[in-house]
Amino acid sequence: MDRRSLIKNAGIAGVLAAGVAPAVHAQATVRWRLASSFPKSLDTIYGAAETFSRVVRAMSGGKFEISVHAAGELMPAFGVVDGVQNGTVEAAHTAPYYFFGKDECFALGCAIPFGLNSRQMSAWMLEGNGGKLMREFYARYNIVNFAGGNTGAQMGGWFRKEINSLADVKGLKFRIGGFGGRVIERIGGVPQNIPGGEIYQALEKGIIDAAEWVGPYDDLKLGFSKVAPFYYYPGWWEGGPQIDFFINQKALDTLSAENKAILEAAAAQAHVAMQAKYDGQNPSALKQLVGAGTKLRPFPNDMMNAAFKEATGLYEELSSKNESWKKIYADYARFRADQNLWFRFTEATFDRFLQAQKL
């Protein structure tokens, strides 16, 4: 060992012996706040933000802390985009389609009627152009998005009265999240945008006639079967809704490369964990609901066909007046066509065969 190497190693040894870490590893503690659009009672969808926070803390050795706040604690459920955009909080966890009133393009980052399923949505975001296109759009709001969960295809919701045909939708006051309300309106319904924690009371008091949330596991917790006996499927407006972590651009820019990587890895874990939990818990919850008297019903064909026709017409109208929608949706639609061609020969055929068997 030469003299310079000896001095260098002795210097490091001395620092370590003194109990002081080399300066290159020193990193200031980062503390962020995250505003969720969901109530704590929903351990699946709200829980994804807790998973995110826990992984960030573990991977950073406690140097990066993100406190998670339920809807209403720091701001209303539908106020989180403004909160992140203005820097009131560094992060949010939400369903982007809640904010289609600001711009319809928010819905494309989550779910649109007769859109992508959950696997296709992840593929569009990660392997297609979806991630790039949506980040370009969110940049207008000082936001960077990370996929933060997916529920998988949802149920169609709880109805106080039976829906036998499209005519029964006329005048129906229906709590429906996000962009699906635009199509419900076009087929005669009256959409209501109500946060998850307030749906039960509205349904119980008759303020609304029907409500959808996610699926059996959450719906069982929320108690909808007590006030509306008919449970419809499928949720054609939410074939694979992606939940996102919205991060304030300036806050993200202040992070070290290491913390940015931690943030991305934690979001990816939360993204996978959410749907795994829904898929794991929904079957037994559905059995409990049916065992307690819930009446399962498919939506009538004339309603489905009318909704599909109106959704297609709506997208054409938006493309003619919203340039951002036109650009993003054109790519989305091409990707959806290719994905459905592929799934037709693989997933769909496999699923149909297996579901017809006695297991």
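Residues numbered from 1 in each chain as written. Predicted model: local features only at pLDDT ≥ 70, side-chain atom pairs only at ≥ 80, totals over all residues. Heavy atoms only, no water.

**Q** Sorry, what's going on with the sheet that holds strand E7 (residues 190–192) here?
**A** Backbone hydrogen bonds hold the strands of a sheet together, and the pairing may be parallel or antiparallel. Ordered by their spatial adjacency, 6 strands build an open sheet running E7-E6-E8-E5-E9-E11, and the pairing between neighbours is mixed. Both edges of this open sheet fall to E7 and strand E11 (295–298), since each of them pairs with a single strand only. As paired strands, strand E6 (residues 173–175) and strand E8 (residues 210–211) are joined by 2 bridges and run parallel to one another. In the sheet register, Arg175 faces E8, and the bridge partner there is Ala211. (Pairing = 2+ DSSP bridges. Helix = DSSP H or I, 4+ residues; strand = E, 2+ residues; numbered from the N terminus.)

**Q** Any chance you could explain the nonpolar core here in plain terms?
**A** Generally speaking, a soluble globular protein has its nonpolar side chains buried in company with each other. Of all hydrophobic cores here, the largest spans 107 residues; its most connected members are Trp32, Phe52, Trp124, Trp213 and Leu263. Leave out the neighbours within four places in its chain, and Phe52 touches Leu34, Ile66, Phe245, Leu263, Ala266, Ala267 and Ala270. (Core = buried A, V, L, I, M, F, W, Y, C linked by side-chain atoms within 4.5 Å. Buried < 20%, exposed > 50% of the residue type's maximum accessible area, 1.4 Å probe, protein only. Contact = heavy atoms within 4.5 Å.)

**Q** Quick question: what am I supposed to make of the packing of helix H5 (residues 118–126) against helix H13 (residues 323–345) here?
**A** Packed helices, taken two at a time, are described by the angle between their axes plus the distance between the axes. Two elements in contact, H5 and H13, have axes separated by 10 Å at closest approach and are oriented at 130 degrees. One way to sum up the angle between H5 and H13 is to call them oblique. Crossing geometry of H5 relative to H13 is assigned as right-handed. Facing H5, whose interface residues are Arg119, Gln120, Met121, Ala123 and Trp124, H13 presents Ile328, Asp331, Tyr332, Phe335, Gln339, Asn340 and Phe343. Tallied by class, the residues present in the contact of H5 with H13 amount to 7 nonpolar, 3 polar and 2 charged. (Axes fitted to C-alpha atoms, helices over the stretch in contact; angles between N-to-C directions. Parallel < 35°, antiparallel > 145°, perpendicular 65-115°, else oblique. Left-handed = near helix turned anticlockwise from the far one by under 90°. Nonpolar A, V, L, I, M, F, W, Y, C, P; charged D, E, K, R; others polar.)

**Q** How should I be thinking about H5 in this particular structure?
**A** Owing to its 3.6 residues per turn, the α-helix aligns residues three or four sequence positions apart on the same side. Residues Ser118, Gln120, Met121, Ser122, Trp124 and Met125 constitute the buried set of H5. Elements in contact with the buried residues of H5: helix H4 (105–108), helix H6 (130–138), strand E4 (143–150), strand E10 (242–248), helix H11 (257–291) and H13. Backbone nitrogen of Arg119 and a side-chain oxygen of the N-cap are separated by 3.2 Å at the start of H5; the cap is Asn117. (Polar contact = N/O pair within 3.5 Å; in protein donor to acceptor, adjacent residues only side chain to side chain.)

**Q** Would you explain the pattern of salt bridges in this entry?
**A** Two side chains that carry opposite charge are able to pair once their charged atoms sit near each other. Applying the stated criterion across every chain, the model contains 14 salt bridges. Among the ionic pairs, Glu310 bridges to Arg186, the shortest N-O distance being 2.9 Å. One end of the pair, Glu310, is in helix H12 (residues 301–321); the other, Arg186, is in helix H7 (residues 180–186), with 124 residues separating them in the sequence. Accessibility expressed as a relative area gives 24% for Glu310, which makes it partly exposed. By relative accessible area, Arg186 is classed as partly exposed at 30%. If you follow the salt bridges from partner to partner, you end up with Asp43, Lys221 and Lys277 in one network. (Salt bridge = Lys/Arg side-chain N within 4 Å of Asp/Glu carboxyl O.)

**Q** What exactly am I supposed to notice about the environment of Ala107 here?
**A** Note that Ala107 resides in helix H4. According to the relative accessible area criterion, Ala107 is buried, its value standing at 0%. Linking Ala107 and Phe179, residues 72 residues apart in sequence, is a C-alpha distance of 6.1 Å. Residues contacting Ala107, with those up to four places away along its chain left out, are Tyr97, Ile112 and Phe179.

**Q** Honestly, the environment of Val144 in this entry has me stumped. Any pointers?
**A** The residue Val144 is located in strand E4 in this model. Relative accessible area serves as the criterion here: at 8%, Val144 is assigned to the buried category. C-alpha separation for the pair Val144 and Val55, spaced 89 residues apart in sequence, amounts to 19 Å.

**Q** Even after reading the chapter, I still don't get the packing of H13 against helix H14 (residues 347–355), so can you show me in this structure?
**A** Contact geometry for H13 and H14: axes closest at 3 Å, N-to-C directions at 40 degrees. Considering their axes alone, H13 and H14 lie oblique with respect to each other. Residues Phe343, Arg344 and Phe345 of H13 form the contact with H14, whose participating residues are Glu347, Ala348, Thr349 and Arg352. Tallied by class, the residues present in the contact of H13 with H14 amount to 3 nonpolar, 1 polar and 3 charged.

**Q** Help me out: how do you make sense of the state of the cysteines in this one?
**A** Throughout this description, disulfide means a covalent bond between two cysteine sulfur atoms. Applying the stated criterion across every chain yields a total of 0 disulfides. Of the cysteine sulfurs around Cys105, a residue in no disulfide, the closest is that of Cys110, at 14 Å. Under the relative-accessibility criterion, Cys110 is labelled buried at 1%. (Disulfide = S-S within 2.5 Å.)

**Q** Just to check I follow, could you spell out the sheet that holds strand E2 (residues 64–69) for this structure?
**A** One open sheet holds the 5 strands; their spatial order is E2-E1-E3-E10-E4, and the pairing between them is mixed. Two strands bound the open sheet, and with one partner strand each, they are E2 and E4. Mean inter-strand twist for the sheet, computed between neighbouring axes without regard to direction, equals 25 degrees. Here strand E3 (residues 91–94) runs beside E10; their pairing, made up of 4 bridges, is antiparallel. Bridge pairing in E10 places His93 opposite Phe245.

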